[in-house]
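Fold and contact review
Spelled out, the chains give:
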Amino acid sequence: MLSLHQLRCFLATYEHGSLTAAAEELGYAQPSVSEQVRGLEKTLGVPLFRRVGRGVVPTTLAETLRPYAEQAIAAAEEARRAVQSAVSLESGTIRFGMFGAARLYAGAQIVADVLERYPGVRVELIGQHSNEVQEQLRRGHLEAAMIAVTSVESEGMTVIPVARDEIVYISADPSRLTSPVTASRLANASLIMPETTWRSSDSVRIVLRRFLHEAGFNPQTRIEVEEVETAVDLVGRGYGDSVIPRGGAEQLIPQLAPHVGYVSLRPRQYDVMAIVHRKGAVLSPAAKVMIEVATRHIQSIAEPV
């Protein structure tokens, strides 16, 4: 019979391509992980990995099994959290996914509000980028999250848009802020852009690529950085301009670069924030609390949708 223990060992091995690395992640001895994977292969009657050198390569049958294994682990985690939350909302742990920019807008206030309502709980805000948070949702490590999205459709997920934040052009040069920035001006700007690791899938960059491509231009950057704080700081030092959500500009410019200003794009462009959870998930009381508090705060800062 299949067991959750076997499936966890299978997924860790699949992800790392190594039984040794899987054992390190799970905190087990390597022979124990090997035994669990062999037991799963025996139960299913199929090979799941091919041994190659010191690592392993998943077979096509492993590819077939993977999403079902993730769903089973996620369902078990949801069941555990639901029961624990029902009996320990007053003193348990509330975990909620939130991408970096959203935490800039309201992260501290969200935690404060939850603790005011439930002073005995432990709160965790998880994630640096929307893609990372969504992956944790998919794997069942989180129940729900607020992330930036480019579409209301996401396989296996329920996506509920709650607010939109205007994307603005920021600069330390007042002459560049006298009128909204067109695609032509943006294409010729010396840009400093954050989220370089996620450049291909970052929601703001996707919006900007569409904005430029529709006008026949290609996006170009002068400086790539990870943190939006670093981008704002560099703009303040005069090394270039940037394009970031307005909420982030209003939070960071006064702290990092008080002489920097911002202006809209023409036509205006928006980053959409949404509550996301797995389709069909029964949300725990703790998750519902975080969704309610996070939505209220984001909608007080960005434009509700």
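Structure: above.
Residues numbered from 1 in each chain as written. Predicted model: local features only at pLDDT ≥ 70, side-chain atom pairs only at ≥ 80, totals over all residues. Heavy atoms only, no water.

**Here's the deal with the nonpolar core**
- Counting residues in hydrophobic clusters, the biggest one holds 41 residues, and the most contacted among them are F96, M146, V276 and I298.
- Sorting the residues of this core by element identifies strand 3 (93–98), helix 5 (100–117), helix 6 (130–138), strand 5 (144–149), strand 6 (157–171), strand 10 (261–278) and helix 11 (285–301) as the ones contributing at least two each.
- Per element, the largest residue contribution to this core is eight residues, and it comes from helix 11.
- Excluding residues within four positions of it along the chain, F96 makes contact with E124, L125, I126, L142, A144, A145, M146, I275, M290, I291 and A294. (Core = buried A, V, L, I, M, F, W, Y, C linked by side-chain atoms within 4.5 Å. Buried < 20%, exposed > 50% of the residue type's maximum accessible area, 1.4 Å probe, protein only. Helix = DSSP H or I, 4+ residues; strand = E, 2+ residues; numbered from the N terminus. Contact = heavy atoms within 4.5 Å.)

**Quick notes on unusual backbone geometry**
- The residue after R266, namely P267, is reached through a cis peptide bond having omega -5°.
- Summarising the element assignment, P267 is placed in strand 10.
- Despite not being glycine, E195 has its phi angle at roughly 60°, a positive value.

**With respect to the pattern of salt bridges**
- Using the criterion set out here, one finds 20 salt bridges in the structure.
- Residue R8 is joined to E77 by a salt bridge in which the shortest nitrogen-to-oxygen separation is 3.5 Å. With R8 in helix 1 (residues 4–16) and E77 in helix 4 (residues 60–88), this pair connects stretches of sequence that are 69 residues apart.
- Given the relative accessible area of 30%, R8 is considered partly exposed.
- We classify E77 as buried; its relative accessible area is 18%.
- When the shortest N-O distance is used, the salt bridge between E135 and R138 registers 2.5 Å. Note that E135 and R138 are positioned in helix 6 at a spacing of three residues, about one turn of the helix.
- Judged by its relative accessible area of 33%, E135 falls in the partly exposed class.
- Relative accessible area serves as the criterion here: at 30%, R138 is assigned to the partly exposed category.
- When salt bridges that share partners are traced, they join R66, E70, E135 and R138 into one network. (Salt bridge = Lys/Arg side-chain N within 4 Å of Asp/Glu carboxyl O.)

**Overview of helix 8 (residues 203–214)**
- The first and last C-alpha atoms of helix 8 sit 17 Å apart over 12 residues, in line with the 16 Å expected at 1.5 Å per residue.
- Of all the residues in helix 8, the buried ones are S203, V204, R205, I206, V207, L208, F211 and L212.
- Just downstream of helix 8 lies G216, where phi reads positive at about 85°. (Expected span 1.5 Å × (residues − 1).)

**Considering the packing of aromatic side chains**
- Per the counting criterion, the structure on display carries two aromatic pairs.
- Arranged with centres 6.1 Å apart and planes meeting at 50°, the rings of F10 and Y14 form a pair that is tilted. One end of the pair is F10 and the other is Y14, both in helix 1 and four residues apart, which spans about a single turn.
- Clustering of aromatic rings is evident, with ring pairs tying together F10, Y14 and F49.
- Looking at R164, its charged tip hangs above the ring of Y270, at a distance of 3.6 Å from the centre. (Phe/Tyr/Trp six-rings, centres within 6.5 Å; stacked < 30°, edge-to-face > 60°. Lys NZ or Arg CZ within 6 Å of the ring centre and 35° of its normal.)

**Some words on the environment of G216**
- Tracing the backbone through its elements, the reader meets G216 in the loop between helix 8 and strand 8 (223–224).
- Given a relative accessible area of 65%, G216 falls into the exposed group.
- The sequence separation of G216 and S184 amounts to 32 residues, and the corresponding C-alpha distance is 8.8 Å.

**Comments concerning the pairing of strand 5**
- Where burial is concerned, most of strand 5 is hidden: six out of the six residues are buried.
- Here strand 5 shows no split at all, with A144, M146 and A148 on one side and A145, I147 and V149 on the other all buried.
- Looking at chain direction, strand 3 and strand 5 are connected through two bridges and run parallel. Bridge pairing in strand 5 links G97 to A145.
- Alignment of strand 5 against strand 10, held across six bridges, turns out to be antiparallel. What sits directly across from A148, in strand 10, is M273. (Pairing = 2+ DSSP bridges.)

**Re the packing of helix 1 against helix 3 (residues 30–44)**
- Closest axis-to-axis distance for the helix 1/helix 3 pair is 9 Å, and the angle between their directions is 110°. As summarised for this structure, helix 1 and helix 3 are arranged roughly perpendicular, according to the angle between their axes. In this structure, helix 1 contributes H5, Q6, L7, C9, F10 and T13 to the contact, and helix 3 contributes V33, Q36, V37, G39, L40 and T43.
- The residue inventory of the contact of helix 1 with helix 3, partitioned by class, reads six nonpolar, six polar and no charged. (Axes fitted to C-alpha atoms, helices over the stretch in contact; angles between N-to-C directions. Parallel < 35°, antiparallel > 145°, perpendicular 65-115°, else oblique. Nonpolar A, V, L, I, M, F, W, Y, C, P; charged D, E, K, R; others polar.)

**Some remarks on the packing of helix 2 (residues 19–26) against helix 3**
- In the contact formed by helix 2 and helix 3, the axes pass within 8 Å of each other and the chain directions differ by 110°. Classified by the interaxial angle, the pair formed by helix 2 and helix 3 is roughly perpendicular. Two secondary-structure elements touch here, helix 2 through L19, T20, A22, A23 and L26 and helix 3 through Q30, V33, S34 and V37.
- Counted by class, the contact of helix 2 with helix 3 contains six nonpolar, three polar and no charged residues.

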